[in-house]
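Descriptive analysis of the structure
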Amino acid sequence: FMMNQSDSEEISTGTIKCFFPFKGYGFITREQGKDLFFFYKHLKNEMQIFEGAKVRFVINKNKGGKGPFATEIERIG
């Protein structure tokens, strides 16, 4: 099973480390690798997010920006 994804994206899982709702961003602790930044706008289905939630997401390896960040975030636990 291969998802249609480019070389600049990969799917991963992790846990919400912190979320700042008034600032609109937070960080995800990955099972492997460094913590990952995310924007609120990248949460699927306007879901409620909380620290400690298990999530699945796509890592956007944004070559031109400030480094990788999470998109298409959905809760899995």
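Cut-offs and rules
- Residues numbered from 1 in each chain as written.
- Predicted model: local features only at pLDDT ≥ 70, side-chain atom pairs only at ≥ 80, totals over all residues.
- Heavy atoms only, no water.
- Helix = DSSP H or I, 4+ residues; strand = E, 2+ residues; numbered from the N terminus.
- Buried < 20%, exposed > 50% of the residue type's maximum accessible area, 1.4 Å probe, protein only.
- Areas by Shrake-Rupley, 256 points an atom, 1.4 Å probe, with all protein chains shown as cover.
- Pairing = 2+ DSSP bridges.
- Axes fitted to C-alpha atoms, helices over the stretch in contact; angles between N-to-C directions.
- Salt bridge = Lys/Arg side-chain N within 4 Å of Asp/Glu carboxyl O.
- Phe/Tyr/Trp six-rings, centres within 6.5 Å; stacked < 30°, edge-to-face > 60°.
- Lys NZ or Arg CZ within 6 Å of the ring centre and 35° of its normal.

Further remarks concern the overall build of the protein chain. Tallying secondary structure elements over the protein chain gives zero helices and five strands in all. Helices and strands in the protein chain line up, N terminus first, as β-β-β-β-β. Within the protein chain, buried positions represent 32% of all 77 residues. When the accessible surface of the protein chain is split by element, carbon and sulfur atoms take 52% of a total near 5,400 Å².

This part takes up the sheet that holds strand 2 (residues 25-30). Strand order in the closed barrel made by the five strands is 1-2-3-5-4, with mixed pairing throughout. Between one strand and the next, the sheet's axes are offset by a mean angle of 50°, whatever the strand orientation.

For the rest of this paragraph, the subject is the pattern of salt bridges. By the definition in use, this model includes three salt bridges. Two residues, K17 and D35, come together in a salt bridge whose shortest N-O distance is 2.6 Å. Of this pair, K17 sits in strand 1 (residues 9-20) while D35 sits in the loop between strand 2 and strand 3 (36-39), and the two are 18 residues apart along the sequence. The shortest N-O distance in the salt bridge between E74 and R56 comes to 3.4 Å. Residue E74 is located in strand 5 (residues 69-75), and its partner R56 is located in strand 4 (residues 54-60); the two are separated by 18 residues in the primary sequence. The class for R56 is partly exposed, based on a relative accessible area of 36%.

On inspection of all chains with the given rule, the structure shows seven aromatic pairs. Summarising the aromatic geometry, the rings of F19 and F38 are spaced 5.8 Å apart at their centres and angled 15° between planes, so their arrangement reads as stacked. One end of the pair, F19, is in strand 1; the other, F38, is in strand 3, with 19 residues separating them in the sequence. Across this residue pair, the class does not change: F19 and F38 are buried. Following the ring pairs from residue to residue traces out a cluster consisting of F20, Y25, F27, F37 and F39. Here the basic side chain of K41 rests over the ring of F39, its NZ or CZ set 5.3 Å away from the ring centre.

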